[in-house]
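Structure assessment
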Amino acid sequence: MLLAILVSNSAGNILLERFNGIPSEERLHWRTFMVKLGADNLKGARNEELFVASQKSVYIVYTVLGGVCIYIVGKDDYDELALTEVMFVITSSIKDACGKSPSERLFLDKYGKICLCLDEIVWQGILENTEKERIKRLIGLKPPNPTES
C-alpha cells in the first residue's frame, strides 16, 4: 500500500499531502520525519535524483523536482523498486501539468491540475494508472452537467 505522498518546498513547508492507512495521530510524526530526511539529504541533490530510506517494514523514496521535494512512503508490495516507478509517474505528471520542472510558485499555480493527476495515479493507496496519455485524458474529462437531459 502507498501510505503517503508528500510534497514540500525547499524550506520544509508542506504544499500537498495524501495519507492512506496512517492514523491521524501518527501523521505529524511522518510529516516531521520526511521533512527532516529531506533537509538532511536533499541539499545539493540533482533534479530527479532518487533517494531511498527504510524504517522497519516501510520504504521511502524521495527526490527534488525543481523547487519542490517529493516523498512517497510504501509498504508490503510497494518496496523501493515499486516506489521508484510511482515516483517516475508522479514527477512526469507534475512536469506535464506545469510544463517544466516546477518552482514552488508554479506548483501552487497548478495545484488543482496536479491534484487531479495524483487522483488518477493513486487511488486509496493503490497504484491505478501509470500511462502518461491515459492520465492526461482522464484529467481532461469533465463531470456530467445535471441540467442536460
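Just so you know, these numbers come straight off a predicted model, no measurement behind them. (Residues numbered from 1 in each chain as written. Predicted model: local features only at pLDDT ≥ 70, side-chain atom pairs only at ≥ 80, totals over all residues. Heavy atoms only, no water.)

Let's shift gears to the pairing of strand E5 (residues 68-75). Note on strand geometry: in a regular strand, side chains alternate between the two faces of the sheet. Most of E5 sits inside the fold, with seven of its eight residues counted as buried. Where strand E1 (residues 2-9) meets E5, seven bridges bridge the pair, whose relative direction is antiparallel. Residue pairing in the sheet places valine 7 in a bridge with isoleucine 70 of E5. With eight bridges joining them, strand E4 (residues 58-65) and E5 adopt antiparallel strand pairing. (Buried < 20%, exposed > 50% of the residue type's maximum accessible area, 1.4 Å probe, protein only. Helix = DSSP H or I, 4+ residues; strand = E, 2+ residues; numbered from the N terminus. Pairing = 2+ DSSP bridges.)

Quick look at unusual backbone geometry now. Within the chain, glutamate 48 stands out as a residue other than glycine whose phi angle is a positive 65°. Position of glutamate 48 among the secondary structure elements: in the loop between helix H1 (24-41) and strand E3 (51-55). Look at glutamine 124: it is not a glycine, yet its phi comes out positive at around 50°. Mapped onto the fold, glutamine 124 is located in the loop between strand E6 (122-123) and strand E7 (126-127). In this structure glutamine 124 comes out as exposed when scored by relative accessible area, which is 54%.

Strand order in the open sheet made by the five strands is E2-E1-E5-E4-E3, with antiparallel pairing throughout. A single partner strand is all that each edge strand has here, and the edge strands are strand E2 (14-19) and E3. Across the sheet, the mean angle from the axis of one strand to that of its neighbour is 15°, orientation sign disregarded. Sheet strands touched by helix H2 (residues 80-98): E1, E3, E4 and E5. Its angle to E4, the strand with the most contacts, is close to 30°. Each of E1 and E2 is contacted by helix H4 (residues 111-121), which is oriented at about 20° to E2, the strand it contacts most. (Axes fitted to C-alpha atoms, helices over the stretch in contact; angles between N-to-C directions. Contact = heavy atoms within 4.5 Å.)

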